[in-house]
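Architecture at a glance
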Amino acid sequence: AAVTLGLIAGWYYILVCLFPILAYAACVHRSASAAVALAMLVADACLPYAPPALAPNAFGRSWVFDAWRAYFGWEMVVEQPLDPSQRYLLAEFPHALYPIGQLLSYGVIEHISQHHKVSGVVASVLLHTPVLRHFYYATGTRAADAKSIQRILAEGGNAAVVVGGIAEMFMDTSDAERIFLRQRQGFVRLAMREGAHIVPIFFFGNTRTMQKLNSPLLRAISRKVKASIVLFYGRWGLPVPFRHPIKMVVGRPIVVMKSAQPTEDDVAETLGRVVDAIAALYAAHRPAWETRPLVIE
């Protein structure tokens, strides 16, 4: 579990090292095998990313995810099963340096509802990362944009959105569990337009699985390219997550009234209910090992 999790979490470290090595070997030493390998990686990144089938599937139910959840001592609480006749937008917190809890939750959607399919969304640049993009495809992941989320809902699925996104990666969580929510109106507006109820979800322990090296420059670049560029580490100084418990809590759905053109006041009111729901979720289900207060920014 530690090895495979490290490979996935640290794949871009591998690519950063691999590309210049292959380029050097191909250009300087005229290595045909290096040139072929480099061409295959570039071609893989350039291939179109077709929307995959919604999760869960056989891969999500496989021993791989069972082993990963066991590595962290996975725990899951569902306050209320979801109505199979309703579509939902799953608002997940926190993103942390790597959203490991969200990854682990893949394949256990049956514990929320046996009648729902779901698709997580990530930055589109990750869906063009050589090799790793195939893992995302296998897990039913799609691009984090309005069009993709609308398509998920139109197909009868539920969309899982890590609301805080890149902003949460750079938050200091040493003295408090911090999430970025109060300015995130986009997901609320989209949910209202689509008539999708919002389900608050919190992953306790997410921000304890990795440590980062702070860099204002990397933060600025990450926001510019809309992808995480951050130096992080876990066990043994490698991108292997620390073995810390993770507890997933699925809150009661927040009812959203469908509106083709929601007003600013309606969006603000609904967002306020999401903020209150996350705060209540944190207070009601905080594990004994989590001593930090929740700060919602």
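The sections below set out a description of the structure shown in this document. Source: prediction; values computed, not measured. (Residues numbered from 1 in each chain as written. Predicted model: local features only at pLDDT ≥ 70, side-chain atom pairs only at ≥ 80, totals over all residues. Heavy atoms only, no water.)

**Some thoughts on the overall build of the protein chain**
To be explicit about the condition: By definition, any uninterrupted DSSP run of H or I lasting at least four residues is a helix, any uninterrupted run of E lasting at least two residues is a strand, and each is numbered from the N terminus. The contact definition used throughout considers only heavy atoms, calling two residues in contact when any of these lie within 4.5 Å. Only the protein chains shown count as cover for residues, and all accessible areas are computed by the Shrake-Rupley method using a 1.4 Å probe. Residues counted as positive are Lys and Arg, residues counted as negative are Asp and Glu, and His and the chain ends are not counted. By convention, the point assigned to a charge is CZ for Arg, NZ for Lys, CD for Glu and CG for Asp.
Check the secondary structure of the protein chain and you find 11 helices and 11 strands. Structurally, the protein chain occupies a C-alpha span of about 65 × 40 × 40 Å along its principal axes. The long-range share in the protein chain, meaning contacts at least 24 apart out of those at least 6 apart in sequence, stands at 79%. Summed over all atoms, the accessible surface of the protein chain reaches about 13,900 Å², with 61% contributed by carbon and sulfur. When the 28 positive and 21 negative side-chain charges of the protein chain are each reduced to one mean point, those points stand 7 Å apart.

**Considering helix 7 (residues 146–154)**
This is how the line gets drawn: When a residue's accessible area, from a 1.4 Å probe over protein chains only, is under 20% of the maximum for its type it is buried; when over 50% it is exposed; and in between it is partly exposed. The directions from the helix axis to the C-beta atoms are what the arc is built from.
Every buried residue of helix 7 is accounted for by Ser 148, Ile 149, Ile 152 and Leu 153. Down the axis of helix 7, the smallest arc covering the buried residues is 135°, so these residues share one side. Every exposed residue of helix 7 that faces more than 90 degrees away from the buried side is listed here: Lys 147 and Ala 154. Against the buried residues of helix 7 lie strand 2 (88–93), strand 3 (118–122), strand 4 (142–143), strand 5 (158–162) and helix 9 (186–194). Gly 156 occupies a position one or two residues after helix 7 and carries a positive phi of about 85°.

**Re helix 11 (residues 264–285)**
Since the α-helix turns once every 3.6 residues, residues separated by three or four places project in the same direction. Quick reminder of the rule: What a helix should span is 1.5 Å times the count of its residues minus one.
The end-to-end C-alpha distance of helix 11, which contains 22 residues, comes to 32 Å, matching closely the 32 Å that a straight helix rising 1.5 Å per residue would cover. Every buried residue of helix 11 is listed here: Val 267, Thr 270, Leu 271, Val 274, Val 275, Ala 277, Ile 278, Leu 281, Tyr 282 and His 285. All buried residues of helix 11 fall inside an arc of 160° around its axis, so they share one side. With respect to the buried face of helix 11, the exposed residues turned more than 90 degrees away are Asp 265, Asp 276, Ala 283 and Ala 284.

**Looking at the pattern of salt bridges**
Side chains that carry opposite charge are capable of pairing whenever their charged atoms lie near each other. Condition: Here a salt bridge means any side-chain nitrogen of Lys or Arg lying within 4 Å of a carboxyl oxygen belonging to Asp or Glu.
According to the stated counting rule, one finds 12 salt bridges in the structure shown. Between Arg 69 and Asp 66 there is a salt bridge whose closest N-O contact spans 3.0 Å. Taken together, the positions of Arg 69 and Asp 66, both in helix 4 (residues 63–72) and three residues apart, correspond to about one turn of that helix. Under the relative-accessibility criterion, Arg 69 is labelled buried at 8%. Using a relative accessible area of 43% as the deciding quantity, one classes Asp 66 as partly exposed. Put simply, Arg 208 and Glu 290 hold a salt bridge, and the shortest N to O gap is 3.1 Å. With a gap of 82 residues between them, Arg 208 in the loop between strand 7 (197–204) and strand 8 (211–213) and Glu 290 in the loop between helix 11 and strand 11 (294–296) connect regions that are remote in the sequence. Overall, the relative accessible area of 25% leaves Arg 208 in the partly exposed class.

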